[in-house]
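# Remarks on the overall topology
Single-letter residue listing:
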Amino acid sequence: MGLKAGDKIPNFTAKDTNGNDFNSQDLIGQKPSVIYFYPKDNTPGCTTQACSFRDQYEDFKDLGAEVIGISGDSVASHQKFTSQFKLPFILLSDSDKKIRTLFGVPTNLFGLIPGRVTYVADKTGTIIMVFDSMKAKNHIAKALEAIKEIQS
């Protein structure tokens with residue numbers, strides 16, 4: 001069973017796009033956050049989702065929120081993906097699937113494809129929304145709506 005609204009974002013560490021250590025405690029509990037898990041860099045749905053988050057990134061920043069994308073891809077893959085599509089937000093490498101497991105992100109298509117799930121947390125690190133859908137573009141509007149609700 002995965003994390004749900006009301007749960008706290010668990011502590012985790014991972015390598016970011018630049019190969020630096022990212023510790024969730026440095027961000028979670030400091031400001032609202034959008035953590036989205038996606039299947040794979042440079043695939044049509046994932047590219048659409050990442051570019052949609054990119055295009056609305058300033059809206060999230062204006063509301064004081066940070067966006068973090070997580071997939072099982074390598075740091076090198078994330079570097080290429082970030083550079084190619086000019087992604088301004090954090091991408092984390094979860095090659096051993098520890099973070100995905102920690103959050104309880106399900107797999108789709110008979111367990112063949114890693115799931116696409118977005119978590120929105122308030123500034124205390126409490127999850128206020130979980131959105132699980134393979135429809136990549138829907139995640140951005142849902143996440144922005146949730147962030148706006150906690151700001152009002």
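Look up: the structure comes first, before these words.
### Considering the pattern of salt bridges
Applying the stated rule across the entire model yields six salt bridges. For Arg54, the salt bridge is made with Asp55, and the minimal N-O distance between the two is 2.8 Å. Given a relative accessible area of 27%, Arg54 falls into the partly exposed group.

### A word on the pairing of strand β9 (residues 127–132)
The sheet contact formed by strand β8 (residues 117–121) and β9 spans five bridges and is antiparallel. Paired with Ala121 across the strands is Ile127, a residue of β9. Hairpin connection from β8 to β9: five residues lie between these consecutive antiparallel strands, with Gly125 at a positive phi of about 90°.

### Comments concerning the sheet that holds β8
Strand order in the open sheet formed by seven strands is β2-β1-β5-β4-β3-β8-β9, and the pairing between neighbours is mixed. Taken across any chain shown, the strands that pair with only one partner, and hence form the sheet edges, are β2 (21–23) and β9. Looking at each pair of strands side by side, their axes are set apart by 30° on average, direction ignored. The sheet contacts of helix α5 (residues 138–151) involve β3 (33–37), β8 and β9, and relative to β9 the element is tilted by about 170°.

### Thoughts on the side chain of His78
Here His78 shows up in helix α3 (residues 75–85). Its relative accessible area of 0% is what places His78 among the buried residues.

### A few points about the pairing of strand β1 (residues 13–16)
Note: β1 against β2, three bridges, orientation antiparallel. Within β2, the position partnered with Lys15 by the bridge is Asp21. In this antiparallel pair of consecutive strands, β1 and β2, the connection spans four residues, and Gly19 shows a positive phi of 80°. Inspection of the sheet shows β1 paired to strand β5 (residues 90–93) by two bridges, in the antiparallel sense. Paired with Asp16 across the strands is Leu92, a residue of β5.

### Notes on the nonpolar core
Side chains of a nonpolar character, in soluble globular proteins, are inclined to be buried together. Formed by 24 residues in total, the largest nonpolar core has its most connected members in Val34, Tyr36, Phe53, Phe60, Val67 and Phe89. Going through the elements one at a time, β3, α1 (44–55), α2 (57–62), α3, β9 and α5 are the ones with two or more residues in this core. No other element matches the five residues that α5 contributes to this core. Core analysis: the second largest hydrophobic core is formed by 19 residues, Leu3, Ile28, Ile99 and Tyr119 among them.

### Quick notes on the side chain of Arg100
Within the secondary structure, Arg100 sits in helix α4 (residues 98–103). Buried charge without a salt bridge: Arg100, with Asp94 as the nearest opposite-charge side chain at an N-O distance of 4.8 Å. Within the structure, Arg100 has its side chain in polar contact with the backbone oxygen of Gly115 (distance 3.1 Å). Those residues in contact with Arg100 that sit more than four places away from it in its chain are Phe37, Tyr38, Ile70, Asp94, Val105, Pro106, Pro114 and Gly115.

Conventions and cut-offs
- Residues numbered from 1 in each chain as written.
- Predicted model: local features only at pLDDT ≥ 70, side-chain atom pairs only at ≥ 80, totals over all residues.
- Heavy atoms only, no water.
- Salt bridge = Lys/Arg side-chain N within 4 Å of Asp/Glu carboxyl O.
- Buried < 20%, exposed > 50% of the residue type's maximum accessible area, 1.4 Å probe, protein only.
- Pairing = 2+ DSSP bridges.
- Helix = DSSP H or I, 4+ residues; strand = E, 2+ residues; numbered from the N terminus.
- Axes fitted to C-alpha atoms, helices over the stretch in contact; angles between N-to-C directions.
- Contact = heavy atoms within 4.5 Å.
- Core = buried A, V, L, I, M, F, W, Y, C linked by side-chain atoms within 4.5 Å.
- Lys, Arg positive; Asp, Glu negative; His and termini not counted.
- Polar contact = N/O pair within 3.5 Å; in protein donor to acceptor, adjacent residues only side chain to side chain.

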